[in-house]
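Here are the chains, one letter per residue:
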Amino acid sequence: MTKYLIDVRFSSSVERTPRVLEVAEGFGLGLTAKEFVVFDNLELEVNQGDVVFVTGQSGSGKSVVLRELSRQMTGQGLVIADLNKIDLPEKPVIEIVGKTITQAADLLSKAGISDAWIYIRKPSELSDGQRYRLKLAMLMDMPADVWIADEFGAVLDRVTAKCVAFNVQKVARAMGKTLIVATTHTDLKNELGPSLTITKRFRQRVELEIAP
Ligand SMILES: Nc1ncnc2c1ncn2[C@@H]1O[C@H](COP(=O)(O)OP(=O)(O)OP(=O)(O)O)[C@@H](O)[C@H]1O
Ligand SMILES: [Mg+2]
């Protein structure tokens, strides 16, 4: 049982440029620094192998909680693989993942790429959504304890996003990996079947739903 305490506050101080001062005066904004609380001592329990789904409005704190969990988990000695930190090597897609061609095709198909034409292309020749799915295949190929994906499936059409979400959680669970994803789209919840759902609202408001 591993508990994490998420406490994130920012100062609302601003740089007083001439335009900032004009805007402040025009709109009657006070510029004295105030504390702005995003997470107020939120206690989360995340165990190895859990699927955590973070959702909520844009600007509510999804990326912040992902960063904080990642930082605290790294501090505990867990190895984190972060989808947004993956760089794509410029070589044919089929060469990028897996130890064998069979493994490569299997990983790519789980990430939603099952077209042989794409296998022989290089990342620079792919669409954003295809590159995104390739990164997911690379994520599933990494020797990490925790897979983290911010803006999970955001660039994909919703049918593909759902298929990919279902596959990725299945692989994560089969391999005992912890999967932590964030997206403002709420339509992936059924496919992910999360152990923990964090719905972040503005200010420090948050709702937790723990699977029975
Ligand atoms: N380094 C920082 N300094 C000050 N405020 C910050 C900092 N990082 C984030 N914030 C603020 O914290 C809040 C939450 O930001 P966060 O990036 O987690 O939102 P989000 O839910 O991921 O939104 P989106 O869906 O747009 O990605 C925002 O109001 C943002 O302005
Ligand atoms: Mg974000």
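Preceding this section is the structure that the text describes.
Note that the structure is a prediction, hence the values are computed from the model and not measured. (Residues numbered from 1 in each chain as written. Chains lettered and ligands numbered in written order. Predicted model: local features only at pLDDT ≥ 70, side-chain atom pairs only at ≥ 80, totals over all residues. Heavy atoms only, no water.)

(A) Layout of the pairing of strand β5 (residues 146–149). Burial along β5 is two-sided: V146 and I148 and W147 and A149, pointing in opposite directions, are all buried. As paired elements, strand β4 (residues 80–82) and β5 share three bridges and run parallel to each other. When the bridges of β5 are listed, A81 appears paired with W147. Sheet topology note: the β5/strand β6 (residues 178–182) ladder contains four bridges and is parallel. By the bridge assignment, I148 is partnered in β6 with I180. At this point the chain moves from β5, through helix α7 (residues 158–175), to the parallel β6, and the crossover so formed is right-handed. (Buried < 20%, exposed > 50% of the residue type's maximum accessible area, 1.4 Å probe, protein only. Helix = DSSP H or I, 4+ residues; strand = E, 2+ residues; numbered from the N terminus. Pairing = 2+ DSSP bridges. Right-handed = clockwise from strand over helix to strand, strands pointing away.)

(B) Representation of helix α4 (residues 101–110). Taken together, the buried positions of α4 are occupied by A104, L107 and L108. Projected down its long axis, α4 carries its buried residues within an arc of 100°, all on one side. Packing partners of the buried residues in α4 comprise α3 (93–96), α5 (116–119) and α6 (128–140). Positive phi shows up at G112, right after α4, with a value of about 95°. (Arc of directions from axis to C-beta. Contact = heavy atoms within 4.5 Å.)

(C) The site of ligand 1, seen in detail. Surrounding ligand 1, one finds 13 residues, the nearest of these being S58, G59, K62, S63 and V64. S58 is positioned such that a nitrogen or oxygen atom in its side chain is 2.5 Å from an oxygen atom of ligand 1. Contact between ligand 1 and G59: an oxygen atom at 2.7 Å from a main-chain N or O atom of the residue. Contact with the protein chains removes 62% of the 640 Å² of surface that ligand 1 exposes when unbound. Listing elements by their share of the shell around ligand 1, those giving two or more residues are β2 (35–45) and α2 (62–75). With four residues, α2 is the largest single contributor of residues to the shell around ligand 1. (Near = heavy atom within 4 Å. Polar contact = N/O pair within 3.5 Å; in protein donor to acceptor, adjacent residues only side chain to side chain. Areas by Shrake-Rupley, 256 points an atom, 1.4 Å probe, with all protein chains shown as cover.)

(D) Quick look at the sheet that holds β5. Taking strand neighbours across the sheet as the criterion, the six strands line up as β4-β5-β6-β3-β7-β8 in an open arrangement whose pairing is mixed. Every other strand in the sheet has two partners, leaving β4 and β8 (206–210) as the edge strands with one partner each. Averaged over all neighbouring strand pairs, the angle between strand axes comes to 15°, with direction disregarded. Here α7 sits on the sheet and contacts β3 (51–56), β5 and β6; the angle it forms with β5, its principal contact strand, is near 160°. (Axes fitted to C-alpha atoms, helices over the stretch in contact; angles between N-to-C directions.)

(E) Representation of unusual backbone geometry in the model. Positive phi, close to 50°, is recorded for E151, a residue that is not glycine. Among the structural elements, E151 can be located in the loop between β5 and α7. Not every positive phi belongs to a glycine, and R203 is a case in point at roughly 55°. Inspection of the secondary structure puts R203 in the loop between β7 (196–200) and β8.

(F) Molecular detail of the packing of aromatic side chains. Under the defined criterion, the tally for this structure stands at one aromatic pair. When the ring of F10 is compared with that of F36, the centres are 6.4 Å apart and the planes differ by 40°; the resulting orientation is tilted. Taken together, the residues F10 in strand β1 (residues 3–11) and F36 in strand β2 connect sequence positions 26 residues apart. Overall, F10 belongs to the partly exposed group, its relative accessible area being 37%. Residue F36 is classed as partly exposed on the basis of its relative accessible area of 41%. (Phe/Tyr/Trp six-rings, centres within 6.5 Å; stacked < 30°, edge-to-face > 60°.)

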